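# Examining the three-dimensional arrangement
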Amino acid sequence: AAGVIQSPRHLIKEKRETATLKCYPIPRHDTVYWYQQGPGQDPQFLISFYEKMQSDKGSIPDRFSAQQFSDYHSELNMSSLELGDSALYFCASSLADRGQRAEAFFGQGTRLTVV
Amino acid sequence: GQSLEQPSEVTAVEGAIVQINCTYQTSGFYGLSWYQQHDGGAPTFLSYNALDGLEETGRFSSFLSRSDSYGYLLLQELQMKDSASYFCAVRSDTGGFKTIFGAGTRLFVKA
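Figured I'd write up the structure that's included with this text. (Residues numbered from 1 in each chain as written. Chains lettered and ligands numbered in written order. Predicted model: local features only at pLDDT ≥ 70, side-chain atom pairs only at ≥ 80, totals over all residues. Heavy atoms only, no water.)

With that settled, the discussion passes to the overall build of chain A. Broken down by element type, chain A carries zero helices and 11 strands. Computed over its C-alpha atoms, the radius of gyration of chain A comes to 14 Å, within 12% of the 13 Å expected for a compact globule of 115 residues. Projected onto the principal axes, the alpha-carbon positions of chain A cover approximately 40 × 25 × 25 Å. Going through the 115 residues of chain A one by one, you find that 49% of them count as buried. Looking at chain A alone, contacts between residues at least 24 apart form 52% of all its contacts between residues at least 6 apart. If you sum the accessible surface of chain A, you get close to 5,700 Å²; carbon and sulfur atoms cover 48% of it. Side chains of chain A carry 12 positive and 13 negative charges; the gap between the two charge centres is 3 Å. (Helix = DSSP H or I, 4+ residues; strand = E, 2+ residues; numbered from the N terminus. Rg over C-alpha atoms; globule rule 2.2 N^0.38 Å. Buried < 20%, exposed > 50% of the residue type's maximum accessible area, 1.4 Å probe, protein only. Contact = heavy atoms within 4.5 Å. Areas by Shrake-Rupley, 256 points an atom, 1.4 Å probe, with all protein chains shown as cover. Lys, Arg positive; Asp, Glu negative; His and termini not counted. Charge placed at Lys NZ, Arg CZ, Asp CG, Glu CD.)

Structural data, given as structure tokens:
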């Protein structure tokens, strides 16, 4: 079965550079989430999209932006990178069926290292 | 705001039963999920409770009490491979659907 695809798997950038992370959700899933997970920490919600529109925003820095395209893939753009941005970035997708089985499927993540 | 509390660490032996508790505070509550994450891996879904009561899936069961804002994950017949982090996560609708994770409970299973 198709899963959530994230690319790249690993990314090394220098401070003040820009990075773009891509996510391809499971076909027919209408909701995409982005999470940031630092070493030894829980996943922190950044932003979500429902049917290509931003649906909620969490602790996403102003230096980051995201969008979902017509083919439902999503991109997280990160500018003016800082050392503290080094983390594992997960994308997840789900169906927004209220109250029902609400399984979010996670991609394998993109490990971003800022040097 | 939203907050979840769960123990940071639990240790148990193979074959035993362990319960990981989670209390939450949130608006627009829809349900409580549990995820398992091995080191370096992605969180994987274990269970979801939208209504009060117990949901059983093999060796894992999850319980929810909406009136107490409390849930737990019960792992039976522990195996070494169950050593991982376990996150409770609240699914809420506050103008948009999102899933907020707790800080995770690190489970160590000993032989």
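With that out of the way, let us pick up unusual backbone geometry. Excluding glycine, most residues fall at negative phi; most peptide bonds, likewise, are trans. Residue and element names in this part refer to chain A. The amide bond that connects Ser 7 to the next residue, Pro 8, takes the cis arrangement and shows omega of -10 degrees. Tracing the backbone through its elements, the reader meets Pro 8 in the loop between strand S1 (5-7) and strand S2 (10-13). You will see that Glu 51, though not glycine, has its phi angle at about 50 degrees, which is positive. As for its placement among the helices and strands, Glu 51 is situated in the loop between strand S5 (44-50) and strand S6 (53-57). With a phi close to 45 degrees, Ser 80 is a non-glycine residue in the positive phi region.

Once that is clear, we can look at the pairing of strand S6 (residues 53-57) of chain B. Residue and element names in this part refer to chain B. With five bridges joining them, S6 and strand S7 (residues 60-65) adopt antiparallel strand pairing. Opposite Glu 55, over in S7, you have Ser 62 as the bridge partner. Here S6 hands over to S7 after two residues, with Gly 58 in that stretch at a positive phi of 65 degrees. (Pairing = 2+ DSSP bridges.)

This part takes up the sheet that holds S1 of chain A. Residue and element names in this part refer to chain A. With respect to topology, four strands assemble into an open sheet ordered S1-S3-S8-S7, the strand pairing being antiparallel. The open sheet is flanked by S1 and strand S7 (64-68), the only strands paired with a single partner. Neighbour-to-neighbour, the strand axes of this sheet turn through a mean angle of 15 degrees, independent of strand direction. Bridge count between S1 and strand S3 (residues 19-24): three bridges; the pairing is antiparallel. Its bridge partner lying in S3, Ser 7 is registered against Lys 22. (Axes fitted to C-alpha atoms, helices over the stretch in contact; angles between N-to-C directions.)

What follows deals with the packing of aromatic side chains. A full pass over the atoms with the stated rule returns 16 aromatic pairs over all chains. Measuring from ring centre to ring centre gives 5.7 Å for Phe 106 of chain A and Tyr 35 of chain B, while their planes differ by 80 degrees; the resulting arrangement is edge-to-face. Taken together, the residues span two chains, with Phe 106 of chain A in strand S10 (residues 105-106) and Tyr 35 of chain B in strand S4 (residues 29-37). You can call Phe 106 of chain A buried: its relative accessible area is 10%. (Phe/Tyr/Trp six-rings, centres within 6.5 Å; stacked < 30°, edge-to-face > 60°.)

Below, the discussion takes up the state of the cysteines. Taken as a whole and assessed by the stated rule, the structure comprises two disulfides over all chains. Disulfide pairing is shown between Cys 23 of chain A and Cys 91 of chain A; the S-S distance is 1.8 Å. An S-S torsion of about -55 degrees defines the bridge between Cys 23 of chain A and Cys 91 of chain A as left-handed. With Cys 23 of chain A in strand S3 and Cys 91 of chain A in strand S9 (residues 87-94), this residue pair connects regions lying 68 residues apart in the sequence. Taken individually, Cys 23 of chain A and Cys 91 of chain A each receive the classification buried, so the pair is uniform in this respect. Between the sulfur of Cys 22 of chain B and that of Cys 88 of chain B lies a disulfide, 2.1 Å long from S to S. Between Cys 22 of chain B and Cys 88 of chain B, the S-S dihedral sits near 70 degrees, and the bridge is therefore right-handed. Here Cys 22 of chain B is found in strand S3 (residues 18-25), whereas its partner Cys 88 of chain B is found in strand S9 (residues 84-93), with 66 residues between them in sequence. (Disulfide = S-S within 2.5 Å.)

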